[in-house]
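The chain contents come next:
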Amino acid sequence: MLTVLKPPKEVTEDLDRNRKRFIWAGDKEISGGKCKVNWTRTTLPKENGGLGILNLDKFARALRIRWLWHEWVLPNKAWVGSETPCDEKDRLLFAACTRIQVGNGQRIKFWTDAWAQGRRLKDFAPNLYARTKGKNKTLAQALHRSNWIRNLNYRHGFNRALLHEYFALWDQANQVELHPSQEDSITWKLTENGNYSTASAYKAQFFGVTKNPAIASIWKSWAPSKCKFFAWIIVQNRVWSSDRLVARGWDHSPTCPLCRCAMETAHHLLAECRLTRRIWTLVSSWIAQPDLHRERWPQSITTIQWWSNITSTPNIPRNASRSLTLLVIWEMWKERNARVFRQYGRPATEIVDSIKGEALLWIKAGDTALANLLVRE
Ligand SMILES: [Zn+2]
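Note that the structure is a prediction, hence the values are computed from the model and not measured. (Residues numbered from 1 in each chain as written. Predicted model: local features only at pLDDT ≥ 70, side-chain atom pairs only at ≥ 80, totals over all residues.)

A.B. asks: So what about the overall build of the protein? Which residues, and what values?
C.D. replies: Within the protein, the regular secondary structure consists of 19 helices and 2 strands. Taking 2.2 N^0.38 as the reference for a compact globule, 377 residues should give roughly 21 Å; the C-alpha atoms of the protein span a radius of gyration of 29 Å, well beyond that estimate. Seen through its principal axes, the protein has C-alpha atoms that stretch 90 × 45 × 45 Å. Across the protein, contacts joining residues at least 24 apart in sequence account for 61% of those joining residues at least 6 apart. (Helix = DSSP H or I, 4+ residues; strand = E, 2+ residues; numbered from the N terminus. Rg over C-alpha atoms; globule rule 2.2 N^0.38 Å. Contact = placed C-beta atoms within 7 Å.)

A.B. asks: Tell me about the nonpolar core, residues and numbers included.
C.D. replies: The biggest cluster of nonpolar side chains holds 40 residues, and the ones touching the most others in it are A231, I279, L327, V328, I329 and L370. If you list the elements that add at least two residues to this core, you get α11 (213-219), α12 (225-234), α14 (266-272), α15 (274-286), α16 (303-310), α17 (318-341), α18 (348-364) and α19 (368-375). If one sorts the elements of this core by residue count, α17 sits on top with 8 residues. Contact partners of A231, with chain neighbours within four places excluded, come to I218, L326 and I329. Counting 16 residues, the second largest nonpolar core, distinct from the first, contains I108, W115, L121 and A125. (Core = buried A, V, L, I, M, F, W, Y, C linked by C-beta atoms within 7 Å. Buried ≥ 20, exposed ≤ 12 C-beta atoms within 10 Å, placed from the backbone.)

A.B. asks: Describe the UniProt feature "domain: Reverse transcriptase zinc-binding" (unreviewed entry) in the protein, naming the residues involved and giving the relevant values.
C.D. replies: Look at the UniProt record and you will see "domain: Reverse transcriptase zinc-binding" (unreviewed entry) annotated at residues 196-280. The straight-line gap between the two end C-alpha atoms of residues 196-280 is 49 Å; of that span, 53% is helix and 0% is strand. (UniProt positions renumbered as here; feature names shortened; annotations may be inferred.)

A.B. asks: Lay out the pairing of strand β2 (residues 185-188) in plain terms, naming residues and giving numbers.
C.D. replies: Side chains I186 and W188 project from β2 onto a buried face, and the interleaved S185 and T187 project onto a face without burial. By the bridge criterion, 4 bridges tie strand β1 (residues 98-101) to β2 in an arrangement that is antiparallel. Pairing of Q101 across the sheet is with S185, part of β2. (Pairing = 2+ DSSP bridges.)

A.B. asks: Go over unusual backbone geometry, please, and point to the residues and values.
C.D. replies: Phi at Q117 takes a positive value of approximately 50°, unusual for a residue other than glycine. Tracing the chain through its elements places Q117 in the loop between β1 and α5 (121-124).

A.B. asks: So what's going on with the packing of α17 against α19? Which residues, and what values?
C.D. replies: Axis separation between α17 and α19 bottoms out at 8 Å; the angle between their running directions is 100°. Of the possible angle classes, the one that applies to α17 and α19 is roughly perpendicular. For the pair formed by α17 and α19, the contact residues are N319, A320, S323 and L324 on the first element and A369, L370, N372 and L373 on the second. Looking at side-chain class alone, the contact of α17 with α19 contains 5 nonpolar, 3 polar and no charged residues. (Axes fitted to C-alpha atoms, helices over the stretch in contact; angles between N-to-C directions. Parallel < 35°, antiparallel > 145°, perpendicular 65-115°, else oblique. Nonpolar A, V, L, I, M, F, W, Y, C, P; charged D, E, K, R; others polar.)

A.B. asks: How would you summarise the packing of α15 against α18 if you had to cite specific residues and measurements?
C.D. replies: The interhelical angle for the contact between α15 and α18, taken along N-to-C directions, is 55°, at an axis separation of 10 Å. Relative to α18, α15 is oriented oblique. For the element pair α15 and α18, the recorded crossing hand is right-handed. Of the residues in α18, those touching α15 at L275, R278, I279, L282, V283 and W286 are A348, I351, V352, I355 and K356. Grouping the amino acids of the contact of α15 with α18 by side-chain chemistry returns 9 nonpolar, no polar and 2 charged. (Left-handed = near helix turned anticlockwise from the far one by under 90°.)

A.B. asks: I'd love a proper account of the environment of S321, names of residues and values included.
C.D. replies: Note on placement: S321 falls in helix α17. Among the residues examined, S321 registers 23 C-beta atoms within 10 Å and is labelled buried. Sequence separation of S321 and V283 is 38 residues, and the distance between their C-alpha atoms is 12 Å. When near neighbours in sequence (up to four residues on either side) are disregarded, S321 contacts I310, T311, T313 and I316.

A.B. asks: Explain the environment of N38 to me, using residue names and the numbers behind them.
C.D. replies: Within the fold, N38 resides in the loop between α1 (9-24) and α2 (39-42). What makes N38 exposed here is the crowd of 10 C-beta atoms within 10 Å. When the C-alpha positions of N38 and C256 are compared, they lie 26 Å apart, and in sequence the two are 218 residues distant.

A.B. asks: Describe α15, listing the residues and the values that go with them.
C.D. replies: Given a rise of 1.5 Å per residue, 13 residues ought to cover 18 Å, and the 18 Å separating the end C-alpha atoms of α15 matches this to within 8%. Every buried residue of α15 is accounted for by L275, T276, I279, W280 and V283. Buried residues along α15 cover an arc of 140° about the axis, so they all sit on one side. In the core, the buried residues of α15 are packed alongside α14, α17 and α18. Backbone geometry just downstream of α15 places A288 in the positive-phi region, at approximately 55°. (Expected span 1.5 Å × (residues − 1). Arc of directions from axis to C-beta.)

A.B. asks: Just give me the short version of helix α3 (residues 56-73), but keep the residues and values in it.
C.D. replies: Because the α-helix completes a turn every 3.6 residues, residues three or four places apart line up on one side. Over its 18 residues, α3 extends 26 Å from the first C-alpha to the last, a length consistent with the 26 Å expected when each residue adds 1.5 Å. Restricting attention to buried positions, one finds in α3 the residues A60, R61, A62, R64, I65 and L68. Those residues of α3 hidden inside the fold are in contact with α4 (88-97) and α10 (198-204).

A.B. asks: I'd like to hear about the environment of K189, residue by residue, with values.
C.D. replies: Note that K189 resides in the loop between β2 and α10. It is 5.3 Å that separates the C-alpha atoms of K189 and T98, two residues lying 91 residues apart in sequence. Every residue in contact with K189, bar those within four places of it in the chain, is listed here: C97, T98 and R99.

This is how it looks when you write it as structure tokens:
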């Protein structure tokens, strides 16, 4: 459906509402407050710090671009030449993703294909384009006896901008060499075999977005998905800790349920809390890794900084430290919730026992990085 039609905004919004509900609210009604991370961020690819959920608008665009590709590579298809559902943005993206090789000039559209050093003449000379008649002429037709010049409308004279474009175009047109025995051809720049793929057309739309290797590294670790998902939320400071509940005017306990001596923030829970730090000390001696001892932790101000620091602790392979960290923060979060919702707390040694037990289960389930770390004991 997304390929054939350009979906109306309401349709994608409706689909998105259901997907948001699935992620943030189970099957209950969704409200803004339940979405811990905003949707634009959630639909970013994982390497950009998102959850990698499909962005429907961008996916639909990637699918529509397939029409433009087929127009080129399957010129005999019945529908070629009829209207495609593509808009100007689709065409610009298509131009950016493809390279056109000039052959006999019979398939290339003079004004609207990006044959001139990767640019479309309509973008290169927009004022002239507005003044031309044969907007759909092929390259061969336009060059033949300089038809492109005859097709310009001279009625209102040429101002400086038009003249500038005219000479630039003149240069372009003079540089082209047609090869009568060779067909025009096109290459998709983003795949190795030079052919269109939906995945690459989708990805291309995120080229300008900053990468976020720290958050992306969460997904490269071995851990049950629920633990990675939770880590993805907490390192972005998006859990409902007291500081955020206060900001919304919602019910909250004023102090951290783990140590009862500071305001609960995500950074406090992960990095500063007295109980958390005690747990890490016990964990560091359990696996005989003194570098993991809280006294050796570099200073951190944000949750992401803390995550980056602890997962690059010297002498521990990254995949092992990431897995271990995911395990510890998951257990701490469970402890925190038991104290908040069930008024039930355990001493540090018991929490560490539970971490050890859970570690064995993870190893049994395939966490080789963690297994190797424990063997090094
Ligand atoms: Zn605390």
